[in-house]
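Listed below are the residues making up each chain.
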Amino acid sequence: MEELGEIVHEFLMESHENLDQLDRDLVALEQEPGSRELISRIFRTIHTIKGTSGFLAFSRLETLTHAGESLLSRLRDGVQPVTPETITTLLAMLDGVRALLATIEESGAEGDINVEGVIASVHRQMSDATGESDAAAPQLDAPTAVPAPESFESDDAEPRVSLDAPPAPTRELPDDKSGRRPLGEMLIESGAISQSDVTWAVQRQVEGDERKLGTILLEEGKAAPAAVGEALQAQNKRSVADSAIRVDVDLLDTLMNLVGELVLARNQLVRGVAETADPALMRTTQRLNLITSELQEGIMKTRMQPIEHLWSKLPRVVRDLANACGKQVKLVMEGKETELDRSLLEAVKDPLTHLVRNAVDHGVETAAERLAAGKDPEGTLTLRAYHEGGHVTVEVADDGCGINVDRVARTAVERGLLRPEQLTNMDPREIMMLIFQPGFSTAAKVTNVSGRGVGMDVVKTNIERIGGAVEVDSTPGAGTTLRLTIPLTLAIIQALTVECAGERYVVPQVAVHELVYIDGQTTKIEYASGAPVYRLRGKLLPLVRLDRALDLPVGGDQNAYVIVLQADGRRFGMVVDRVLNTEEVVVKALTARFKDIGLYAGATILGDGKVALILDVASLARRSHLAAGPAERHAAASALEAAAKTGPVDRLLIAGVGDRRVAIPLDTVTRLEEFTVDRIERAGMREVVQYRDQILPLARLSHLLGVMTELDEERISVVVYTERGRSVALVVDKIVDIVEDTVTARREVDDDGLLGTAVVQQRVTELLDVRRAILAADPNFYTELPDPMLVEA
Amino acid sequence: MASRQYATFEVADQLFGVEVELVQEVLSFHEYTSVPLAPSAVGGLFNLRGQVIAAVDLRVQLGLDRHVLDGPVMNVILRGDDEPVSLLVDRIGEVIDLDESAFEPPPDTLSGPTRDLVVGTFKLDGRLMLALDVRTAVDTYRVPA
């Protein structure tokens, strides 16, 4: 039983790989209907799945693939032509296979997936074509052995096709797939020789002829040298699989971690040895240094996979979407073999698919529009991947209508992302980057106007999370190119170590553009209405003081360094006390308890063994309000100054209630909690939960603010307030963020339950009247004597 | 009568204990990396054989002044749910066998931050040991009432 489970597992894994290949091959076949090689390959793969599923007694799967195989054999034998409809049917058949495999993977059985519809449409394809191709059929060498469609579901599991048509039935066995395929079989499939020739040649070998099969066939004049050469080459190509093994990813991860440790130990050793100045030791260390680097590279290579793995699904995506939109799109892929760490491949998958969909959906115009613009009616979508300076660049380029910068700008203004006067300071590329702003993508109509937008902010967030960057480039009328820059691996990064207020911090090198030393004389920090700036080659560079951002003692403006960083679509300078060195560091995940701070991308262990925090440059930029335009920054700066005079800056908890953003002063918040809905009980008219031996009254902010929200959540997020031993909880839809910064603009509103509105993180946010909200939960909250029943001592 | 083993340590001269199977190891460490903007109960991060461990300052959790982290401080490293976490304490005590019968709930007069962290009291010869609620003790986002 156990063994069978393993076989099924193996079968699932292999079929999974095969299905992706099939998707690709079918789409390729549509482009190239005459390719015998493609049809044969597709046929073979389906045949293998069918054979194995029969062996493992998955009868539905077998019936389905059998139907597909029958249709394919007709295509292969030229009985009926390859048409887009056949391809659609075959793709639907593959989806059926996928669904069945998924059920098998989940439950071990085929379940009740209905494949009858797909089988029927496969048969319809065959019977539709029969009328037209009847005349052609008799001329073929291989008789059209496809039986009447009706008999398919009913009868035998005998592989009918193989009785009459090649390939040889030996392929039924599931265990021959790992080895080399017999040459004879390949020759028959390619149509170079007949079955009887092979049988004859094999007979000769059995009778003692010591020549190889290919040699016999050649020398007896049965096969053309070119055909045998080709088959031999194909056979050798296949046998590459023999030299590869499957390795558990966990094992690779462990090795990767160990190498990480080794790199660390090496760094420590190199540092230590440099102080001893012992030549013999130095030599050994250098050697160790070299070996470690090579080992690291080798281990990293084992985790590398060609980006083709990721791209393999895209031809199908493009085809289906183009058909759905009524467009013609050709997909070109360049640099398929470019390799990436597998964890990164996984992380890039969704963003890339999203960009491709976007390009087909909004980038490429319809055939009519293209013709009118004097372009080829068929649009071209180019995927390009290449290595560049320790990174992998992946481009998604279309030759569509391009991004209309004016429209993007107008939409951004309409959406309140920036003010019209800010546009004058922005170059077209900066404006185009606005499509990655969260606010830009929320409304559906924006997509129609700008052509792009839905979820672009998510693409950007996901890419930046893995230390990458997104860029956009577009020429109106000629197309758009989106460029993803992705690090080669996650585990080890090139980093710049800096010092600030006596502690060391690590900045990912990828974000660093240049370093400037501030001597206070020729180079100095200036202030524009309180906001620190630096004149970098004539242009003002906004500055962020790391010490201020981290709430550390603030140092002086002299003998400091400005690190010019690029993140979140903005260029800014980070002021630190010293720049120490660059080194490779091993990224360690930071414990979940620091996630809320949001400024750290992780931690690492430096050469001397001490822990250092890795800064998340993008969120540092966001926190510092750099994503906003210059005017906004001034406002922020003056508000900061004002706040500095009166006291500490506001720390706000941003919560989502329906589609509104509500800000709650963090200093009044005791805890954030989540409760399952079934913990909510009723006490009179009120909702309460039992919490830490107290009865905690709940108030739903959505009721208080009169917002419609979905109530079918299984869990609710609450903000708990405690004062003099009493607690209440305010129910919000979700906790969005905690901002530790200033409110840039306030306006009073006379809405119930609100103090006013403000712009926080460039979004309009409502300030909650906390006292009022608390009273809604517990009218007696502020009365002097707490009810002793409710509160434990 | 069932007995349990407790690893003991002192903070501000009070003896505390946690069940010994929750303790991964005990060691003294002197280099901590502070985490700006983290809750005040976070003492810092340190490198335990290549692993980055967060140290929670038990003094802060108990409403006392922070540990001064410029010299060696004792760590009680606990097996956390996902990852180890360390408690910074004043002094390490012995591992002791305790009889269930010596256990009592915390006294009613015990109040303040300590009350939240303690699940019970063990009567030893000459002194009391407070059994820590480990989960609460390492929760750096709880705000002492």
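Calculation rules
- Residues numbered from 1 in each chain as written.
- Chains lettered and ligands numbered in written order.
- Predicted model: local features only at pLDDT ≥ 70, side-chain atom pairs only at ≥ 80, totals over all residues.
- Helix = DSSP H or I, 4+ residues; strand = E, 2+ residues; numbered from the N terminus.
- Buried ≥ 20, exposed ≤ 12 C-beta atoms within 10 Å, placed from the backbone.
- Contact = placed C-beta atoms within 7 Å.
- Pairing = 2+ DSSP bridges.
- Core = buried A, V, L, I, M, F, W, Y, C linked by C-beta atoms within 7 Å.
- Domains from an automatic or database assignment.
- UniProt positions renumbered as here; feature names shortened; annotations may be inferred.
- Nonpolar A, V, L, I, M, F, W, Y, C, P; charged D, E, K, R; others polar.
- Axes fitted to C-alpha atoms, helices over the stretch in contact; angles between N-to-C directions.
- Parallel < 35°, antiparallel > 145°, perpendicular 65-115°, else oblique.
- Left-handed = near helix turned anticlockwise from the far one by under 90°.
- pLDDT = per-residue confidence, 0-100.

Attention now moves to the overall build of chain B. Each helix and strand counted, chain B has three helices and 11 strands in total. In chain B, the order of α-helices and β-strands from amino to carboxyl end is β-β-β-β-β-α-β-β-β-β-α-β-β-α. Put simply, chain B has 145 residues, and 37% of those count as buried. Residue pairs at least 24 apart in sequence account for 55% of intrachain contacts in chain B once pairs closer than 6 positions are excluded.

For the rest of this paragraph, the subject is the overall build of chain A. When you go through chain A residue by residue, the secondary structure sums to 26 helices and 30 strands. Partitioning the contacts of chain A with sequence separation of at least 6, the portion at a separation of at least 24 is 65%.

On to the sheet that holds strand E9 (residues 103-104) of chain B. Residues and elements named next belong to chain B. Spatially, the six strands line up as an open sheet ordered E8-E1-E2-E11-E10-E9, and their pairing is mixed. One side of each edge strand has no neighbouring strand; the edge strands of this open sheet are strand E8 (91-99) and E9. Summarising the sheet, strand E10 (residues 118-123) and strand E11 (residues 128-132) pair through five bridges and their orientation is antiparallel. In the sheet register, Phe122 faces E11, and the bridge partner there is Met129.

Glancing now at the nonpolar core. Grouped together as the largest cluster of nonpolar side chains are 94 residues, with contacts concentrated most on Val507 and Leu615 of chain A together with Val56 of chain B. Looking at this core, you find at least three residues from each of domain 2 (249-302) and domain 4 (492-623) of chain A. Ignoring sequence-local partners within four residues, the contact set of Val56 of chain B consists of Ala41, Val42, Gly43, Gln61, Val85, Ser86, Leu87, Leu88, Val138 and Thr140 of chain B. Counting residues in hydrophobic clusters, the runner-up holds 46 residues, among them Val356, Val394, Ala409 and Phe436 of chain A.

Turning our attention to helix H21 (residues 456-465) of chain A. Residues and elements named next belong to chain A. Among the residues of H21, Met456, Val459, Lys460, Asn462, Ile463 and Glu464 are the ones counted as buried. Buried residues along H21 sit in contact with helix H16 (342-363), strand E6 (469-475), strand E7 (479-487) and helix H23 (617-623). Backbone geometry just downstream of H21 places Gly467 in the positive-phi region, at approximately 80°.

Looking now at the UniProt feature "modified residue: Phosphohistidine" (unreviewed entry) in chain A. All names here are of chain A. If you check UniProt for "modified residue: Phosphohistidine" (unreviewed entry), the listed places come out as His47 in our numbering. Inspection of the secondary structure assignment puts His47 in helix H2 (residues 36-55). The class of His47 is buried, set by 22 C-beta atoms lying within 10 Å.

Let's shift gears to the interface of chain A and chain B. Opposite the 23 residues of chain A that make contact, chain B presents 18 residues. Counting residues per element, the ones that place at least two in the side of chain A that touches chain B are helix H12 (249-276), strand E17 (600-605) and strand E18 (611-615) of chain A. Considering every element that reaches the side of chain A that touches chain B, the biggest residue donor is E18 of chain A, with three residues. When the residues that make up the side of chain A that touches chain B are grouped by side-chain class, the tally is 11 nonpolar, five polar and seven charged.

All names here are of chain A. Mapped onto the fold, Gln80 is located in the loop between helix H3 (59-76) and helix H4 (84-107). Overall, the presence of 21 C-beta atoms within 10 Å leaves Gln80 in the buried class. C-alpha separation for the pair Gln80 and Met126, spaced 46 residues apart in sequence, amounts to 7.9 Å.

The next point concerns the environment of Arg465 of chain A. Inspection of the secondary structure assignment puts Arg465 of chain A in helix H21. With 13 C-beta atoms counted inside 10 Å, the residue Arg465 of chain A sits in the partly exposed group.

Moving on to the packing of H2 of chain A against H3 of chain A. Packed helix pairs are specified by the crossing angle of their axes together with the interaxial distance, meaning the distance between the axes. Residues and elements named next belong to chain A. Where H2 contacts H3, the axes come no closer than 9 Å and their chain directions differ by 155°. What the angle tells us is that H2 and H3 run roughly antiparallel. For the pair H2 and H3, the sense of crossing is left-handed. Between H2, through Ile39, Ser40, Ile42, Phe43, Ile46, His47, Ile49, Lys50, Ser53 and Gly54, and H3, the contact on the second element is made entirely by Leu61, Glu62, Thr65, His66, Gly68, Glu69, Leu72, Ser73, Leu75 and Arg76.

Here we come to the sheet that holds strand E7 (residues 85-89) of chain B. One key point about sheets: their strands pair by backbone hydrogen bonds, in either a parallel or an antiparallel sense. Residues and elements named next belong to chain B. A sheet is described by the order of its strands in space; here five strands give the open sequence E3-E6-E7-E5-E4, paired in mixed fashion. Strands with a single pairing partner mark the edges of an open sheet, and in this sheet they are strand E3 (23-29) and strand E4 (42-48). Neighbouring strand axes in the sheet, compared pairwise and without regard to direction, differ in orientation by 30° on average. Sheet topology note: the E3/strand E6 (residues 73-78) ladder contains six bridges and is antiparallel. Paired with Val23 across the bridge in E6 is Leu78.

Before going further, it helps to spend a moment on the confidence of the model for chain B. Residues and elements named next belong to chain B. Per-residue confidence for chain B gives a mean pLDDT of 87; residues scoring 70 or more make up 97%. The weakest mean pLDDT in chain B belongs to helix H2 (residues 113-117) at 85; the strongest belongs to E7 at 94. Predicted as a complex, the structure gets a pTM of 0.45 and an ipTM equal to 0.89.

Turning our eyes to something else, we now look at unusual backbone geometry. Residue and element names in this part refer to chain A. Notably, Ala57 is not glycine yet its phi reads approximately 65°, a positive angle. You can see Ala57 is positioned in the loop between H2 and H3. Look at Ala57 and you get exposed, because 11 C-beta atoms sit within 10 Å. The backbone phi angle of Asp551 is positive, close to 65°, even though this residue is not glycine. Note on placement: Asp551 falls in the loop between helix H22 (546-549) and strand E14 (560-567).

Residues and elements named next belong to chain A. As paired elements, strand E11 (residues 526-528) and strand E12 (residues 531-536) share three bridges and run antiparallel to each other. Within the sheet, the bridge partner assigned to Tyr527 lies in E12 and is Pro532. Joining the antiparallel neighbours E11 and E12 is a turn of two residues, in which Ser529 adopts a positive phi near 50°. Of the strand pairs in this sheet, E12 and strand E13 (residues 539-545) are connected by four bridges, and their pairing is antiparallel. Paired with Leu536 across the two strands is Lys539, which belongs to E13.

Residue and element names in this part refer to chain A. Summarising the element assignment, Ser40 is placed in helix H2. Residue classification places Ser40 among the partly exposed residues on the basis of 18 C-beta atoms within 10 Å. Each C-alpha atom of the pair Ser40 and Ser73 lies 8.7 Å from the other, and the pair is 33 residues apart in sequence.

Before going further, it helps to examine the packing of helix H15 (residues 314-325) of chain A against H16 of chain A. All names here are of chain A. Contact geometry for H15 and H16: axes closest at 10 Å, N-to-C directions at 30°. Classed by the angle they form, the pair H15 and H16 counts as roughly parallel. In this structure, H15 meets H16 at a crossing whose hand is right-handed. The segment H15 lies against H16, with Leu314, Val317, Val318, Leu321, Ala322 and Cys325 engaging Thr353, Val356, Arg357, Val360 and Asp361. Within the contact of H15 with H16, the residues separate by chemical class into eight nonpolar, one polar and two charged.

Okay, the confidence of the model for chain A next. Interpretation of this model should avoid reading the predicted coordinates in detail wherever pLDDT is low. Residue and element names in this part refer to chain A. Across chain A, the average pLDDT comes to 75, with 78% of residues at 70 or higher. Overall, residues 131-179 carries pLDDT values under 50, and its contacts beyond four positions in sequence, including any with other chains, amount to 61 contacts. Across residues 442-454, confidence stays below pLDDT 50; counting only partners more than four residues off in sequence or on other chains, it has 26 contacts.

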